[in-house]
Amino acid sequence: MNASIHKTSIPHPGRAMPGLVRQGGDAGQHPQRGEAAPENLWYVCHLPWLRTLPDFRRRRCLSTLAGLLEDCSSDIRLDEAALVCEVRSALRYFGGLEAIHEKIGAAIRGRLREWGLPGEFSHAAAPTMTGGLLLARAGGGVAVYRRANLRAALRQLPVAVLGPDRKQSHKLRNMGIRQLGDLWRLPVASLVTRFGAAFVEQLDRALGKAPEPMPKYVPPLSFRASLDLPAETADLDRLLPAAEELLARLGDFLGKHCLAAAHLEFGLLHERRPATGIALELRRPSACRRHFLLLLRTRLGELAPPAPVTALRLEVTRFGPWLDRNPQLLRNDKAAGAEDGGIDQLLERLRARLGEGRIRGIEAVADHRPEYASREFDHAEGGKAGPGAPATASPRPLRLLGEPRRLACRNGQPLHHGPITLLSGPERIESGWWSGGDMRRDYYIGRENNGRRLWLFRECDPGQHWYLHGFFA
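Residues numbered from 1 in each chain as written. Predicted model: local features only at pLDDT ≥ 70, side-chain atom pairs only at ≥ 80, totals over all residues. Heavy atoms only, no water.

Draft legend 1. Spatial organisation of the overall build of the protein chain. Along the protein chain, the regular secondary structure elements total 13 helices and 18 strands. By the burial criterion, 41% of the 473 residues in the protein chain qualify as buried. Nonlocal contacts in the protein chain, meaning residues at least 24 apart in sequence, comprise 60% of its contacts between residues at least 6 apart. Counting every atom, the protein chain has about 26,500 Å² of accessible surface; 50% of that belongs to carbon and sulfur. (Helix = DSSP H or I, 4+ residues; strand = E, 2+ residues; numbered from the N terminus. Buried < 20%, exposed > 50% of the residue type's maximum accessible area, 1.4 Å probe, protein only. Contact = heavy atoms within 4.5 Å. Areas by Shrake-Rupley, 256 points an atom, 1.4 Å probe, with all protein chains shown as cover.)

Draft legend 2. Structural view of the pattern of salt bridges. Taken as a whole and judged by the stated rule, the model has 13 salt bridges. Taking the shortest distance from any N to any O, the salt bridge between aspartate 55 and arginine 58 comes out at 3.6 Å. Here the residue aspartate 55 and the residue arginine 58 both occupy positions in helix H1 (residues 55-68), the gap between them amounting to 3 residues, near one helical turn. Here arginine 111 ties to glutamate 114 by a salt bridge, and the two come within 3.5 Å at their closest N and O atoms. A residue pair is termed a helical-turn pair when its members lie 3 or 4 positions apart in one helix, as arginine 111 and glutamate 114 do in helix H3 (residues 97-115) at 3 residues. When its relative accessible area of 25% is taken as the criterion, arginine 111 is described as partly exposed. (Salt bridge = Lys/Arg side-chain N within 4 Å of Asp/Glu carboxyl O.)

Draft legend 3. Quick look at the sheet that holds strand E17 (residues 453-459). Pairing is antiparallel in the open sheet, where 5 strands are placed in the order E12-E18-E17-E16-E15. The open sheet has two edge strands with one neighbour each: strand E12 (399-406) and strand E15 (421-431). Along the sheet, successive strands turn relative to each other by an average axial angle of 25°, direction set aside. Both strand E16 (residues 439-447) and E17 contribute to a ladder of 7 bridges, which runs antiparallel. Paired with tyrosine 443 across the strands is phenylalanine 457, a residue of E17. (Pairing = 2+ DSSP bridges. Axes fitted to C-alpha atoms, helices over the stretch in contact; angles between N-to-C directions.)

Draft legend 4. Structural view of the sheet that holds strand E7 (residues 259-270). Taken in spatial order, the 4 strands line up as E6-E9-E7-E8 in an open sheet, and their pairing is antiparallel. If you trace the sheet from one side to the other, it starts and ends with strand E6 (223-233) and strand E8 (273-286), each paired once. Going across the sheet, the axis of each strand differs from the next one's by a mean of 20°, ignoring polarity. Note: E6 against strand E9 (residues 309-321), 7 bridges, orientation antiparallel.

In structure tokens form, the structure reads like this:
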């Protein structure tokens, strides 16, 4: 059913309409002294077409759409193809269930339109999550405010809302069971024997007789803060006190959640101009404010803003676990504020000063051919092979020539500024035939007259020329 056109609209609890079981009094009314607290009221958005999406995309869509419901509810649950939120406490604030539905429906339809996905969904409300879900699966447009009226509202629903498999559907059809009310007339023990406990438990959960284990939506952590400057300024050094204030707030946030920041986004806000962004990417998540400030100061030194700055903004959306690498139980203040960043902090400072993509590393690759046995990588991305990448145990020179240099020979002895004395070898490398880069070489370690060691090879193919391939330190 389309979210904007309802077969049976969700009415105000003071009006009785077909398909609605009305609760006496105002549904949003707070209990008087001596009265029992009102029951929960769960609003359900059922999107059946989500089942056709791949699991990872379906979960991502549900999680994103659940974030849109936070304006109306603080208790949001996720079903396989539905969103469920508790709205009883929000009825008076928003002016009734119809207003809540219009607000939620508009937000969901807008987001689905952005994604190019169908905008149809059915909706219902009930005192139990499962009850509301069954009503929504049957077409929705129904609100039940009191648990005592749930059985009457659910008994006319088709048994298909329980999601029976093919075997269960065949049994139900042969037994003449078409509606939920038909199931309630049969003994529970017989239903469990025929259809299984999980199938029958849905009926108990719908009536509030059994717990409803539905996953709760936990919003992703994020940190956003901004600070207006006393006056606009083009001197970026004057931004550092404001940055210290924002980083102090970030430090309190990280300490409260026992987290470390992995990616920081500073924004320099201007009057009538787009904000200037400064991204700080950390190789290892950190909670050290002094390190953040040092990186920001380095980036500001290389920045030329297009206009005076009026405000400063800080946003962190990617976090990591906070690990204290100091094993001491009792530490002084100086030690407590320090962080053992080592090479990681050095590389982050170099990248902040030199720019992205300027800090390169080298790692071993599992290939016998020297030209392909290593690769460069950007330190911001990290290497692919990891610290346990295989490397040959044979000695290799630190410096390799871009192209092997052919050597002259005298009486079969290779020459390079004079005759070369062979110290060790041969080490035969024969590989690459499967990729068109066939290689058959005998490698040797040689020494020149001045004592410098060389890495050279002789071809195994006809001709057997000598080539210089590298220099040892």
